[in-house]
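Take a look at the letters that make up each chain.
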Amino acid sequence: MPEFVLTVARFGFLILLWIFVFTVVGVIRRDLFAGARSSRLVAAPRGVGASAGPSRPAKVKRGRAAHQLVVTAGQLAGTRITLGEAQITIGRAEDSTLVITDDYASARHARLVPRAGQWFIEDLGSTNGTYLDRAKVTGPTPVPLGVPIRIGRTSLELRP
Amino acid sequence: MTAPAVPAPTPATTGEMPRVRESSGRRNAELALLVFVMLLVLAYAATVEATALDTITPDFWIPVALVAGVFLALHVVIRFLAPYADPAIVPAVALLNGLGVAFLRRIDLASADAEERADLPIFSGVGGRQLAWTLIAVVLAAGLLIIVRDHRAVSRYAYTLGLVGIVLVMIPAVLPSQFSEINGAKLWIRIGGFQIQPGEFAKLALVSFFAYYLVRKREVLSLASRRFLGIDFPRGRDLGPVVAVWLLSLLVLVFEKDLGTALLYFGMFVVILYVATERVSWLIIGLLLFFGGAFLAYTLGASVGGPFANFYQRAEIWLDPFAKPYDDGFQMVQSLLGLGTGGLFGAGPGGGQPNKIPLVVSDFVFAGLGEEIGLFGLSALLVVYLLIVERGLRAGLAVRDSFGKLVAGGLAFTLGLQVFVIVGGVTGLIPLTGQTTPFLSAGGSSLMANWLIIAMLLRISDAAGRPVTGAAGGRVGGPGGGGPPAQLHGAPTEVIRS
């Protein structure tokens, strides 16, 4: 084998190795930023971006269906559930969709039900109640994007 | 009560379309990466033969093709059984495993005679055995994916698994030395020419047990505590069983003279405890205990000897490898010289002399590879390990149940710690303790156990990425209207709470 071919093979292998590493990082990056982009859109209406104008957040809210349920506070903070067609049950019972180990949560605390593209929160007779932002939930209540649902010390939000 | 305005309803189907695409997109990315990996390993094998033999034998591609076939089979299994699993894990592991097989075959080539080299049988030598073990290990991983359809089902057998873990760790200590001792470490079962290292499999079992127990007790552990010296200690009775398991495995391991594995179990235990209770005090206690124990073992080894003499000797070699370069420090010196010869870009695949390093097929595989692919290649391999661990931790973050979080976090951390312990030892950063380099070192037990760990991580990352629909979730519904939950009908019952 000529020396030249061997040298090309030797360095070519190292370069390919690093190309592989960066390809994997690229795949992972797509995965990471798929979640990050949606949370930025939601954060805008509630935070600093709200001063930009009242029309923009409204447009964001109306145009999008909720695709994710994100736990923003409590022991499960950071957990994301991708929403489908099925209802989501929340409580301490192990067969809930979202099992929260919160001292103030009941075994079957509340549920989120989709109806014609809109998600409704419904309290299932919990001891300490479910709150949508600051208001106590008494019947099925539509949940807008980015408004916190509070159960005990846990806080949940719908995100696009 | 201020019910906000109802946004315009969107058709229910719009939500489903991108998610179907998302799962098949992930699998296609995985397939593309796998093909890339196999081409990379093929290029490595060809370069090795071109450099070492000055010609490329006509059947150099057969081992790579066999490995590629079994990885593709695993990919198909994942496509059907874990479609939402992380796309980066399998290709990254496949790269390490493929390079490991090719490198071990290269060691065989170097030690074979000139006439044997031309047609080395495929399943002969260390490389051939590693190839066979790879095929078995990947089939085992696929089997785990087939049997365990929901990682939460594992928690039902947690106590059994804990017992199995302890028994696996204890078997070699109880067996007479002739059946269990290799190179001074009693951690094998040897029957005839066949040998397995049961401690490797204990990792998965013990992590599952710790995770289950701590999920049950995490509230008690983090709430009912006594404050002492500014740190909250839990009550003894809450922690009793876990500490008992840990002490037992640790005692057995010291008795088996394998401190590297003891360190691994200790780190695993502390980190799962930390993840479960969210208390930094556990990390502080763990690190203090570890450094105190290491210092004590060092001083005891210097004065008393006995079971600590081994550790003292290792520490002395670490402090000055070149003190006795032909005696105690021989392994370390050869390893460091190999890495030094490799330099930045290495001697090229097949261009080095890895046979000069003792134990190059098991403990020092990283030094042997380093001589040929250099710092540039080794750091790529380390980044690949880092990515695997990161994806494991990510699966733990994203999954919805606490048991899955603890298992994924514990397994991913254990894998990372093992890489740190052995690579740190080989490069002289920390005292060397005999561990296998996951997926690279020769050895069936290590390969099978690590592939099982990867299968478990895949299962958990699949559960994390899976959208909650009736068919997939299987655990929707509840009392309070809406009729009986149809999805629960026929679903496996799961009894977790007592």
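What you are looking at is a predicted structure, and each value in this text was computed from that prediction instead of being measured. (Residues numbered from 1 in each chain as written. Chains lettered and ligands numbered in written order. Predicted model: local features only at pLDDT ≥ 70, side-chain atom pairs only at ≥ 80, totals over all residues. Heavy atoms only, no water.)

**Details of the overall build of chain B**
Selection criterion: A run of H or I in DSSP counts as a helix once it spans at least four residues, and a run of E counts as a strand once it spans at least two, with each numbered from the N terminus. Think of it in three bands: with a 1.4 Å probe and only protein chains considered, a residue is buried below 20% of the maximum accessible area for its type, exposed above 50%, and partly exposed in between. Contacts are assigned to residue pairs with any non-hydrogen atoms lying within 4.5 Å of each other. Using a 1.4 Å probe, the Shrake-Rupley method yields the accessible areas, and only the shown protein chains count as cover for residues.
Of regular secondary structure, chain B possesses 17 helices and 6 strands. Buried positions account for 54% of the 498 residues belonging to chain B. At a minimum sequence separation of 6, the contacts of chain B that also span at least 24 residues come to 70%. For chain B, the computed accessible surface area is about 20900 Å², with 69% contributed by carbon and sulfur atoms.

**Thoughts on the pattern of salt bridges**
So the rule is basically this: The term salt bridge refers to a side-chain nitrogen of Lys or Arg lying within 4 Å of a carboxyl oxygen of Asp or Glu.
The final tally for this structure, using the stated rule, is 12 salt bridges over all chains. Ionic pairing is found between E122 of chain A and R111 of chain A, a salt bridge with its closest N-O pair at 3.2 Å. Here R111 of chain A lies in strand β5 (residues 110-115) and E122 of chain A lies in strand β6 (residues 118-123), a separation of 11 residues in the sequence. Take E122 of chain A and R111 of chain A: they sit in the same class, and that class is buried. One salt bridge connects D462 of chain B with R466 of chain B, and the closest N-O pair in it is separated by 2.7 Å.

**As for helix α6 (residues 158-174) of chain B**
Spelled out, the test is: The span expected for a helix works out to 1.5 Å for each residue beyond the first.
The first and last C-alpha atoms of α6 of chain B sit 24 Å apart over 17 residues, in line with the 24 Å expected at 1.5 Å per residue. Residues of α6 of chain B that are buried include every one of A158, G162, G165, I166, L168, V169, P172 and A173 of chain B, and no others.

**Concerning the UniProt feature "domain: FHA" (unreviewed entry) in chain A**
Note the cut-off: UniProt positions are given in the numbering used here, feature names are shortened, and annotations may be inferred rather than shown by experiment.
In the numbering used here, UniProt assigns the feature "domain: FHA" (unreviewed entry) to residues 88-137 of chain A. Taken end to end, residues 88-137 of chain A comprises 0% helix and 44% strand; its first and last C-alpha atoms sit 16 Å apart.

**Here we look at the packing of helix α10 (residues 259-277) of chain B against helix α15 (residues 402-427) of chain B**
Residues and elements named next belong to chain B. Put simply, the rule is: Note on method: axes are straight lines fitted to C-alpha atoms, helices fitted across the in-contact stretch only, with angles between N-to-C directions ranging 0 to 180 degrees. When the near helix sits turned anticlockwise from the far one by under a right angle, the crossing is termed left-handed; a clockwise turn instead gives a right-handed crossing. Classification convention: Asp, Glu, Lys, Arg as charged; Ala, Val, Leu, Ile, Met, Phe, Trp, Tyr, Cys, Pro as nonpolar; all other residues, Gly among them, as polar.
Remark: α10 packs on α15, axes separated minimally by 9 Å, with the N-to-C direction vectors making an angle of 145°. Of the two possible hands of crossing, α10 and α15 adopt the one that is right-handed. On α15, the residues that touch L263, L264, G267, M268, V271, I272, V275 and A276 of α10 are L406, G410, F413, T414, L417, Q418 and V421. Considered class by class, the residues forming the contact of α10 with α15 number 11 nonpolar, 4 polar and no charged.

**Quick word on the sheet that holds strand β3 (residues 88-91) of chain A**
Residues and elements named next belong to chain A. Rules: Following DSSP output, two strands are said to pair if at least two bridges run between them.
Taken together, 5 strands build an open sheet; the order of strands is β4-β3-β5-β6-β9 and the sheet is mixed. Edge positions in the sheet fall to β4 (98-99) and β9 (141-142), since each of these pairs with one other strand and no more. Alignment of β6 against β9, held across 2 bridges, turns out to be antiparallel. Note that in β9 the partner of F120 across the bridge is P142.

**A word on the side chain of T89 of chain A**
All names here are of chain A. What counts here: For this analysis, a polar contact is any N or O atom pair within 3.5 Å, provided that within protein one partner can donate a hydrogen and the other can accept it, and provided that sequence-adjacent residues contribute only side-chain to side-chain pairs.
Within the secondary structure, T89 is located in strand β3. Residue class for T89 comes out buried when judged on its relative accessible area of 6%. Among the polar contacts made by the side chain of T89, one reaches the main-chain amide nitrogen of T97 at a distance of 3.0 Å.

**Things to note about a nonpolar patch on the surface**
As a reminder of what qualifies: Residues with no salt bridge and a relative accessible area higher than 30% make up the patches, which join like charges within 9 Å and nonpolar side chains (Val, Leu, Ile, Met, Phe, Trp, Tyr) within 5 Å.
Taken together, the side chains of F11, I15, L16 and I19 of chain A together with L344, F345, L375 and F376 of chain B make up a nonpolar region of the molecular surface, amounting to roughly 670 Å² of accessible area. Elements supplying a minimum of two residues to the nonpolar patch: α1 (3-46) of chain A together with α14 (365-398) of chain B. Relative to the helices and strands, F376 of chain B resides in helix α14.

**Observations regarding the confidence of the model for chain A**
Cut-off, in case you're wondering: Each residue carries a pLDDT score, the predictor's own confidence in it, on a scale running from 0 to 100.
Confidence along chain A averages 77 in pLDDT terms, with 80% of residues attaining 70 or more. Taken element by element, the predicted model of chain A shows its lowest mean pLDDT in helix α2 (residues 55-63) of chain A (42) and its highest in strand β10 (residues 149-151) of chain A (89).

**Section: the pairing of strand β1 (residues 68-73) of chain A**
All names here are of chain A. Direction of pairing for β1 relative to strand β2 (residues 80-82): antiparallel, over a ladder of 3 bridges. If you follow L69 over to β2, its bridge partner there is I81. Between the antiparallel neighbours β1 and β2 lie 6 residues, among them G74 with a positive phi of about 105°. Pairing of β1 with strand β11 (residues 154-159) involves 5 bridges; the strand directions are antiparallel.

**Focus: α15 of chain B**
Residues and elements named next belong to chain B. When the terminal C-alpha atoms of α15 are compared, their 37 Å separation across 26 residues agrees well with the 38 Å that a helix rising 1.5 Å per residue should span. Among the 26 residues in α15, 22 count as buried, and that is most of the element. Two residues or fewer after α15 comes G428, characterised by a positive phi angle close to 85°.

**Looking at the nonpolar core**
The test is simple: Residues enter a nonpolar core if they are buried and are Ala, Val, Leu, Ile, Met, Phe, Trp, Tyr or Cys, with the set joined through side-chain atoms within 4.5 Å.
In terms of nonpolar packing, the biggest core is built from 135 residues, with F20 of chain A together with F71, L381, W451 and I454 of chain B touching the most fellow members. In this structure, F71 of chain B is in contact with L34, M38, A94, N97, T134, V138 and W451 of chain B, ignoring residues within four places of it in sequence.

**With respect to unusual backbone geometry**
Residues and elements named next belong to chain B. Not every positive phi belongs to a glycine, and D54 is a case in point at roughly 70°. On the secondary structure map, D54 appears in the loop between α1 (16-52) and α2 (61-81). With a phi close to 70°, F439 is a non-glycine residue in the positive phi region. With relative accessibility at 1%, the residue F439 sits in the buried group.

**Quick notes on the sheet that holds β11 of chain A**
Pairing is antiparallel across the open sheet formed by 6 strands, whose spatial order is β2-β1-β11-β10-β7-β8 (chain A). Two strands bound the open sheet, and with one partner strand each, they are β2 and β8 (135-136) of chain A.

**Things to note about the pairing of β3 of chain A**
Residues and elements named next belong to chain A. Side chains of β3 alternate between two faces, with I88 and I90 and T89 and G91 buried alike. Across 3 bridges, β3 lies against β5 in antiparallel orientation. Bridging from a neighbouring strand, T89 pairs with R111 of β5. Two elements, β3 and β4, share 2 bridges in a ladder whose sense is parallel. Considered in β4, the bridge of G91 is made with V99.

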